[in-house]
Amino acid sequence: MGSTASKRKNLQELLFPRGIPPLWCPPLTHFDAARRIDLKRMEAHLAWMMPHVKGYLVPGSTGDGWDLDDAETETVVRFAVDMARKKGVCLLLGALRKKTVDVTNGIEHFLDILRAVTGKTDPLAALVASGVSGFTVCPPAGAGLDQATIRAALEIILDKGLPVALYQLPQVTGNETAPDCFAGLAARYPNLILFKDSSGADRIALSGVDAGGVFLVRGAEGDYARWLRSAGGPYDGFLLSTANSFPAGLLSVVDGIREGRLADAMRISTALSGAVAEVFALVGEIPCGNAFTNANKAIEHYMAFGPGAADREGPMLHGGIRIPAGIIAAAGEALRRYGLMPAKGYLEQETK
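So, here is what we can say about the structure in this document. Since the structure is predicted, the reported quantities are computational estimates derived from the model, not experimental observations.

About the thresholds
Residues numbered from 1 in each chain as written. Predicted model: local features only at pLDDT ≥ 70, side-chain atom pairs only at ≥ 80, totals over all residues. Heavy atoms only, no water. Helix = DSSP H or I, 4+ residues; strand = E, 2+ residues; numbered from the N terminus. Rg over C-alpha atoms; globule rule 2.2 N^0.38 Å. Buried < 20%, exposed > 50% of the residue type's maximum accessible area, 1.4 Å probe, protein only. Contact = heavy atoms within 4.5 Å. Areas by Shrake-Rupley, 256 points an atom, 1.4 Å probe, with all protein chains shown as cover. Lys, Arg positive; Asp, Glu negative; His and termini not counted. Charge placed at Lys NZ, Arg CZ, Asp CG, Glu CD. Core = buried A, V, L, I, M, F, W, Y, C linked by side-chain atoms within 4.5 Å. Pairing = 2+ DSSP bridges. Axes fitted to C-alpha atoms, helices over the stretch in contact; angles between N-to-C directions. Expected span 1.5 Å × (residues − 1). Bend = angle between axes of the 7 residues up to and from the residue. Polar contact = N/O pair within 3.5 Å; in protein donor to acceptor, adjacent residues only side chain to side chain. Right-handed = clockwise from strand over helix to strand, strands pointing away. Phe/Tyr/Trp six-rings, centres within 6.5 Å; stacked < 30°, edge-to-face > 60°.

Observations regarding the overall build of the protein chain
- When helices and strands are tallied, the protein chain shows 14 helices and eight strands.
- Its C-alpha atoms give the protein chain a radius of gyration of 19 Å, near enough to 20 Å, the size a compact globule of 352 residues would have.
- Counting only C-alpha atoms, the protein chain reaches 55 × 45 × 40 Å along its principal axes.
- The proportion of buried residues among the 352 residues of the protein chain is 57%.
- Partitioning the contacts of the protein chain with sequence separation of at least 6, the portion at a separation of at least 24 is 71%.
- Total accessible area on the protein chain is roughly 13,800 Å²; 52% of this is exposed by carbon and sulfur atoms.
- Side-chain charges of the protein chain comprise 36 positive and 37 negative groups, with the mean position of each set lying 4 Å from the other.

Examining the nonpolar core
- Membership of the largest hydrophobic core comes to 104 residues, with the highest contact counts inside it found for Tyr56 and Leu192.
- Among the elements that make up this core, the one with the highest residue count is helix 12 (residues 291-305) (eight residues).
- For Leu192, the residues in contact, after removing those within four places along its chain, are Arg8, Leu158, Val164, Leu166, Phe182, Leu185, Ala186 and Val214.
- In terms of nonpolar packing, the next biggest core, distinct from the first, is built from 14 residues, Leu15, Leu92, Ala165 and Leu194 among them.

With respect to the sheet that holds strand 8 (residues 237-239)
- Read around the closed barrel, eight strands run 1-2-3-4-5-6-7-8, paired in parallel fashion. Between one strand and the next, the sheet's axes are offset by a mean angle of 25°, whatever the strand orientation.

Quick notes on unusual backbone geometry
- Residue Pro59 follows Val58 across a cis peptide bond; omega there is -15°.
- Along the chain, Pro59 falls in the loop between strand 2 (55-58) and helix 3 (70-87).
- The phi dihedral of Asp64 is positive, around 65°, even though this residue is not glycine.
- By the element assignment, Asp64 lies in the loop between strand 2 and helix 3.
- Of note, the phi angle at Asp223 is positive, near 55°, even though the residue is not glycine.
- Note on placement: Asp223 falls in the loop between strand 7 (215-218) and strand 8.

Looking at helix 12
- With 15 residues, helix 12 extends 21 Å from end C-alpha to end C-alpha; this agrees with the ideal 21 Å at 1.5 Å per step.
- Its axis deflected by about 25° at Ala298, helix 12 carries its strongest bend there.
- One side-chain oxygen at the N-terminal end of helix 12 lies 2.9 Å from the backbone nitrogen of Phe292; it belongs to Asn290.
- Downstream of helix 12 by one or two residues, Gly306 has phi in the positive range, about 75°.

Focus: the pairing of strand 4 (residues 132-137)
- Across the six residues of strand 4, six count as buried, placing the element largely inside the fold.
- In terms of strand pairing, strand 3 (residues 90-94) meets strand 4 through four bridges, oriented parallel. Its bridge partner lying in strand 4, Leu91 is registered against Val132.
- Taken together, the three bridges between strand 4 and strand 5 (residues 164-168) define a ladder with parallel strand orientation. Across the sheet, Thr136 pairs through a bridge with Ala165, a residue of strand 5.
- Taken together, strand 4, helix 6 (residues 147-158) and strand 5 constitute a β-α-β crossover, and its handedness is right-handed.

Overview of the packing of aromatic side chains
- Under the criterion given, the structure shown has seven aromatic pairs.
- Summarising the aromatic geometry, the rings of Phe182 and Phe195 are spaced 5.1 Å apart at their centres and angled 45° between planes, so their arrangement reads as tilted. With Phe182 in helix 8 (residues 179-188) and Phe195 in strand 6 (residues 192-197), the pair connects residues that are 13 residues apart, well separated along the chain.
- Phe195 sits in the buried class, given a relative accessible area of 0%.

Structural data, given as structure tokens:
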């Protein structure tokens, strides 16, 4: 493992010259009334987040990564690469497809984009020049898949030698990479640089297996203050859908834990956890999208438009419907109860 771990560390330092950010976000994909991707709205949202969040996964599950078609995926990837190059933030590109062949084809298409943008033919050189730190992948979908099948599929991707972030998302794939399978991949592949777990079960992080320097980030929501290594937890950082809505608050939790201000971190974590749990419970009735997307669109609506957001139409979803007014109003009440309602939205601040 020593040689693999040292190679991984060297690769991480090349891809993350300022260090791996402890807080990542899978940004929302915003749509206009005609269900077209609204890049101007996305740019304003990113500009609001970037002072606090230095790492982004595009498209992640929260950005409708599983539902965007190839053309929509290319639109958001080109937009994100342009923003990452201008602003100097870290970027992971999500190759979120349910079959391994579609994942590898997606990665090749991403590489074509990066080569065209940078003029670099070597894959790693194109990644570094574009500010892209790697590709995020899941195991193939299927509840009945055994670990040998999952491992073989991930080996096909890792054998390409490109930097990979492995994503545990049983809510979509119907399966999980087991701790022993993960440890075997980490021991063999230095290009496995990051692992994200959104399952809520945290089996790999809690298992005690040797991650060999793979950077572990938690994607499940709630109870944030207890999960980081500096607070005695098993994770190096977070990759959270709610960073779309609470970028400053979540960074305060991370910084508070790292700096020993545990009481402050716990207080903020408790308020965020309470509001998030309430809004996630509200969106279960929406017939399209996923809870990560729908809850964050409801909350972020207030971050953009302030206390008066309930008087505006709800955000458009990829499925072609808007979040209902009743859910938007209830989300606003939750934000008020937990002291999280902004005095003014970031779009209002732009225009006034």
